[in-house]
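Reading the structure
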Amino acid sequence: MHVQLPDGSQLELPEGASGLDAARSIGPRLAAQAVGVRVDGDLSDLRLSLEDGQQIEILTTRNGDDPDALVVLRHSTAHLLAEAVRRLYPGVKIAIGPAIENGFYYDFDFPEPIAEEDLDRIEEEIGRELAEGRQWRREELERDEARRLFVEQEEPYKVELVDDAEGPISLYTQGDFTDLCRGPHLIDSKPVKAFKLTGLAGAYWRGDSANKQLTRIYGTAFFSKEDLETHLTRLEEAKKRDHRRLGRHLDLFHFDEHSPGSPFWHPKGMAVFNQLEDLRRRENARRGYLEVKTPLIYDKALWVTSGHWEKFRENMFLIPVGEEHVYGIKPMNCPGHMLLFGSKLRSYRDLPLRYAEAAPLHRNELAGTLHGLTRVRYVTQDDAHLFCTEDQISAELDGCLDYLRYVYGIFELEPRAELSTRPENKLGSDEEWDFTEGELRAALDRHDISYALGAGEGSFYGPKIDLHITDVLGRSWQMGTIQLDAQMPARFGLTYIGADNREHPVYVIHRALLGSFERFIGILLEHTGGDLPLWLAPVQVRVIPVGESHAAAAGAIAEGLRKAGFRADLDDRDESVGRRIRDAELEKISRVVVYGDKESADNLAVRERGGAQSRKTLHELVIGLTPLASPPSS
RNA sequence: GCCGACGUAGCUCAGCUGGUAGAGCACUUCACUCGUAAUGAAGGGGUCCGCGGUUCGAUUCCGCGCGUCGGCUCCA
């Protein structure tokens, strides 16, 4: 038979030859370095037989940048970890241990809890395994045989996995450690040149909080020590861009234990926040949205009607009022907007009706989930509810997606779209969900937006198009969301009078495009490293008088810039010019005007962040900055 | 909420095995009046997260609570 190599050449092999055989026939060095094989684009095990006509690519220890090569390395290292743990901790039960982005983990059920210090001795044990050398053997068993093996080994989690598996079971054995595993794995442990156990965490069996919590050990591995060093350095660099750190250093916001999860916005942070609010308000007005304001607290009865009492109560702050009543602080704007819509009879001529409100929302998020600005209890969404007829749904979705494209384009952010479908605790029938999910899917297709499917991740009242962005530490956050809802308007009995003079059901599109201002600012800080575009920057121009005698004139320049609509300040501290320039750099201020004996309003020394200097009149400075001082228009 | 770690000056952090605390930056004052990334000197500042316990004595050891960090679950 023949297989095709990456350079296009054909390789002749005997029937049933494996990827490893192919590597050997090319050369012994290639075979010695081989870690896996890509067959027709998919990662596969070197031991598996190839078929005639396949395209193959041998992955080796030299493919340190190839995610597939690293997956094999890390997955095998996870097995070494499990072997070490089982030797060191008799009675431990093993669960699963896959490769993940940037590393791997393995979940264990320890008889006694372990602590982070234990990682050192586990690392040493893995080091011993590597010194001895390990070879992996692959075998396939029938399910019954595999089940018997893991029952004998008293590995209940593995037995459960075998029970759920289909077809023959593949096993990998290194040393005296055998694991249920789909593979692929290394041939031997020589390629594991650098590894590190990076963390310890609790993780529920099968990701379900109703199940037992296991202990997860995280680690990473590379084909060279240099690659590991590079990885660790990159992590350190990333931490410097952490929005929580930037928020403190740039004096944007802080948190206090008296109100966990609720940011205190400092004047400079508020300047950023307000710019986003202005963008929202201006663009909403252009697109036919109507600004409203609805109450922050509502009687429990409203939450019962909306379904929040049943589905969302644990996440709500509740206030007892007198003996009889309980009020809930709103975690979402939708119920209030339902009441507003229902406050009078609506005609088809009124639709679509687009209510927008960026009200403060409070969600009692679990303590362990709070995370700087990206997960807060005090949330402000750029929220809107679009009330429309069934016929108007697709046009309204088009409007949302167009708006979405505009707003993310401004920030040069490229979110990943996800279609989140009906969850287990949904309201409404499957037929209704078929319809709403279909509408969202069609809208995404119309706009040629590729998306992942988030099965079961929809809101309890409707499916969603979600937009996700990754933070500086590689964590994915949901930003914007567009949700199509037939449930809530029905629960509120919302209808409109059609041209036929009869009542018809109303649909609602819940949409937030930035998501929340809090999370958006957090992500934006990380993506820009705090170097915000001029229109968002808290201080756009700083004026530095050279000496005391220049303070008044320099102050007038700053004042002139403020009158022209810029956020300008004056640094007349009793410090050297060099010192004040340095501070402006550290504060990431875009433009600095140094004002001394040589300067006048017609001759300013302007320094751009980074060092470029030029001379301009005040007028030229204003004219030059003006286009940068507002976001690109749609 | 769950698992693990951590909590010392405004910030970043030192502080062996118990004897009431330090540095750099920041802040205040004074001198210098300064030209594009740190002028010098002096000074002030701490219920060592909180509450209990052990001890002659607790920042240090133990328990509980609160908060933060890394994960899990959940979510904008």
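Note that this is a predicted model, so its numbers are computed, not measured.

**Some thoughts on the pairing of strand 24 (residues 451-454)**
- Here strand 23 (residues 416-420) runs beside strand 24; their pairing, made up of four bridges, is parallel. Its bridge partner being in strand 24, glutamate 418 is matched across the sheet by alanine 452.

**Quick notes on the domain arrangement of chain A**
- Along its sequence, chain A is carved into domain 1 (2-60), domain 2 (67-232), domain 3 (271-292 + 332-528) and domain 4 (541-628).
- Here domain 1 and domain 3 have C-alpha centroids that lie 49 Å from each other.

**A look at helix 19 (residues 618-625)**
- Within helix 19 the residues assigned to the buried category are Leu618, Leu621, Val622 and Leu625. Viewed end-on, helix 19 has its buried residues packed into an arc of 95°, placing them on one side of the element. Along helix 19, the residues that are exposed and aim more than 90 degrees away from the buried face are His619 and Ile623.
- Looking at the buried positions of helix 19, the neighbouring elements they touch are strand 30 (541-545), helix 17 (551-563), strand 32 (591-595), strand 33 (604-608) and strand 34 (613-616).

**Observations concerning the pattern of salt bridges**
- In this structure the tally under the stated criterion is 54 salt bridges.
- Across the salt bridge formed by glutamate 587 and lysine 268, the nearest N and O atoms sit 3.0 Å from each other. In this pair, glutamate 587 is assigned in the loop between helix 18 (577-586) and strand 32 and lysine 268 in helix 9 (residues 267-286), connecting sequence segments 319 residues apart.
- Among the residues examined, glutamate 587 registers a relative accessible area of 29% and is labelled partly exposed.
- A salt bridge links glutamate 357 to lysine 330; the shortest N-O distance between them is 3.3 Å. You can see glutamate 357 sitting in strand 20 (residues 353-357) and its partner lysine 330 sitting in the loop between strand 19 (325-329) and helix 12 (334-341), a full 27 residues away along the chain.
- Connected through salt bridges with shared partners, the residues Glu83, Arg87, Glu125, Arg128, Glu129, Glu132 and Arg134 form a single ionic network.

Basis of the calculations
- Residues numbered from 1 in each chain as written.
- Chains lettered and ligands numbered in written order.
- Predicted model: local features only at pLDDT ≥ 70, side-chain atom pairs only at ≥ 80, totals over all residues.
- Heavy atoms only, no water.
- Pairing = 2+ DSSP bridges.
- Helix = DSSP H or I, 4+ residues; strand = E, 2+ residues; numbered from the N terminus.
- Domains from an automatic or database assignment.
- Buried < 20%, exposed > 50% of the residue type's maximum accessible area, 1.4 Å probe, protein only.
- Arc of directions from axis to C-beta.
- Contact = heavy atoms within 4.5 Å.
- Salt bridge = Lys/Arg side-chain N within 4 Å of Asp/Glu carboxyl O.

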